[in-house]
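Coordinate inspection notes
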Amino acid sequence: MRASDLLQPRPEGLYCPPGDFFIDPVRPVARALITHGHSDHARAGHAKVLATRQTLDIMALRYGEDFAGATQAVGFGETIDVAGVSVTFHPAGHVLGSAQIAVEKGGLRIVASGDYKRMPDATCTPFELVPCDVFITEATFALPVFRHPPPQEEIARLLKSVAQFPERTHLVGAYALGKAQRVMKLLRQAGYDRPIHIHGALARLSAYYQNEGIDLGALEPATVEAGRKGDFAGAVVIGPPSAFADRWARRFPDPVSCFASGWMRIRQRARQRGVELPLIISDHCDWDELCETITETGAGEVWVTHGREEALVRWCELQGISARPLHLVGYEDEGD
Ligand SMILES: [Zn+2]
């Protein structure tokens, strides 16, 4: 069996003809396998959805219980037969519940890794390396300029600034699913034990993480109505990046604008967004991790998707690994 007979790009997303299913389709389909809960990968309106229990829970939280006609939960390492195609979900280390999907038939194994990272993250199951014939990789940060420092160093810079400016509020922009909870967890791991104030948009997902056993410590709503402006002097407030443009952000005393994202490696991006304290914390692989992972999978062929595809395709070719861009559209990761 040729790889392109087992999985192929279609306008709806990656399609498996023998199994008649799509992986992370961007349009409603009859059967969808979903890697993780970020909105560009997990959309509402499919007839059937197969995903990890946590991804299904996250979709229900975001879209409502009726987000799909029918759902089936799959555990990590559990193999499911879909019309003669073996499908196994493996941890991707990206956000809670995130999975790579291994698709196997006739001795050929393709791994669609979704979004993934290799750096330690106490808020989700670590990435598992799955040897395969064809590896499908994301390319969000696939340029050599992207090298993510250890996240502990970035959190240490945040805490140093908090100590230095006790009268100011540190307003940290972080995406609602994954990044926000990771920043909270990193703060706790660094010994920060004061309540963390959160924007309402983070409340349900953060409560879900806590219910799943990920201890984020005391979280309190960041509503100025509930107290006086001065109550937030010296506080750490976390909110979605979109909230920074509206009035919500101007309610805090002399805020230090921070943003936790892999994009903060690019100074110009930080400046454009008016970020005073950029924190390079990413839920995606950096360039080195991408290259290492491709090598370690032993894949003879690599398909590259969503991101800077050309540089990674070129790198693979230089290593003697055949590679091609998939040109899938509709993926603009909300998580970084
Ligand atoms: Zn993602």
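Preceding this section is the structure that the text describes.
Cut-offs applied
- Residues numbered from 1 in each chain as written.
- Predicted model: local features only at pLDDT ≥ 70, side-chain atom pairs only at ≥ 80, totals over all residues.
- Heavy atoms only, no water.
- Helix = DSSP H or I, 4+ residues; strand = E, 2+ residues; numbered from the N terminus.
- Rg over C-alpha atoms; globule rule 2.2 N^0.38 Å.
- Buried < 20%, exposed > 50% of the residue type's maximum accessible area, 1.4 Å probe, protein only.
- Axes fitted to C-alpha atoms, helices over the stretch in contact; angles between N-to-C directions.
- Parallel < 35°, antiparallel > 145°, perpendicular 65-115°, else oblique.
- Left-handed = near helix turned anticlockwise from the far one by under 90°.
- Contact = heavy atoms within 4.5 Å.
- Nonpolar A, V, L, I, M, F, W, Y, C, P; charged D, E, K, R; others polar.
- Pairing = 2+ DSSP bridges.
- Phe/Tyr/Trp six-rings, centres within 6.5 Å; stacked < 30°, edge-to-face > 60°.
- Lys NZ or Arg CZ within 6 Å of the ring centre and 35° of its normal.

Secondary structure assignment for the chain yields 8 helices and 19 strands. Relative to its length of 336 residues, the chain is compact, with a C-alpha radius of gyration of 20 Å against a globular reference of 20 Å. The dimensions of the chain, computed from C-alpha atoms along their principal axes, are 65 × 45 × 30 Å. Sorting the 336 residues of the chain into buried and exposed places 56% on the buried side.

Quick look at the packing of helix α7 (residues 287–297) against helix α8 (residues 309–318) now. Helices that pack against each other are described as a pair by the angle of their axes relative to one another and the distance between those axes. Where α7 contacts α8, the axes come no closer than 11 Å and their chain directions differ by 45°. Classified by the angle their axes make, α7 and α8 are oblique. Judged by the twist between their axes, the crossing of α7 over α8 is right-handed. Counted together, Trp287, Leu290, Cys291, Ile294 and Thr295 of α7 and Ala311, Leu312, Trp315 and Cys316 of α8 form the full contact between these two elements. Here the residues of the contact of α7 with α8 are counted per class, giving 8 nonpolar, 1 polar and no charged.

Okay, the sheet that holds strand β11 (residues 134–139) next. Strand order in the open sheet formed by 7 strands is β7-β8-β9-β10-β11-β18-β19, and the pairing between neighbours is mixed. For this open sheet the edge positions go to β7 (79–82) and β19 (322–325), each flanked by a neighbour on one side alone. If you compare each strand with its neighbour and ignore which way they point, the axes differ by 25° on average. Alignment of strand β9 (residues 99–105) against strand β10 (residues 108–112), held across 5 bridges, turns out to be antiparallel. From the neighbouring strand, glutamate 104 faces β10, where its bridge partner is arginine 109. Contacts between α7 and the sheet are confined to β11 and β18 (301–307), with β11 contributing the most and set at about 170° to the helix. Together, β11, β18 and β19 form the strand contacts of α8, whose direction differs from that of β18 by roughly 165°.

Our next topic: the packing of aromatic side chains. Taken as a whole and assessed by the stated rule, the structure comprises 10 aromatic pairs. With centroids separated by 5.8 Å and ring planes inclined at 75°, the aromatic side chains of tyrosine 116 and phenylalanine 135 adopt a geometry described as edge-to-face. Here tyrosine 116, found in the loop between β10 and β11, pairs with phenylalanine 135, found in strand β11; they are 19 residues apart in sequence, far enough to count as distant. Judged by relative accessible area, phenylalanine 135 falls into the buried class, the value being 1%. Through a chain of ring-to-ring contacts, three or more aromatic side chains come together here, namely Phe232, Phe244, Trp248 and Phe252. Above the plane of the ring of phenylalanine 165 lies arginine 168, whose end atom (NZ or CZ) is 5.4 Å from the centre. The aromatic ring of tryptophan 303 is capped on one face by arginine 324, whose charged end is 4.6 Å from the ring centroid.

Turning our eyes to something else, we now look at unusual backbone geometry. Across residues other than glycine, the phi torsion is negative in most instances, and most of the peptide bonds are trans. For alanine 83, which is not glycine, the phi dihedral falls at a positive 50°. Secondary-structure assignment places alanine 83 in the loop between β7 and β8 (85–91). Residues other than glycine seldom take positive phi values, yet aspartate 254 does so here, at roughly 40°. Here aspartate 254 lies in the loop between β15 (236–239) and β16 (256–260).

Don't take any of this as a statement about function, it's just geometry.
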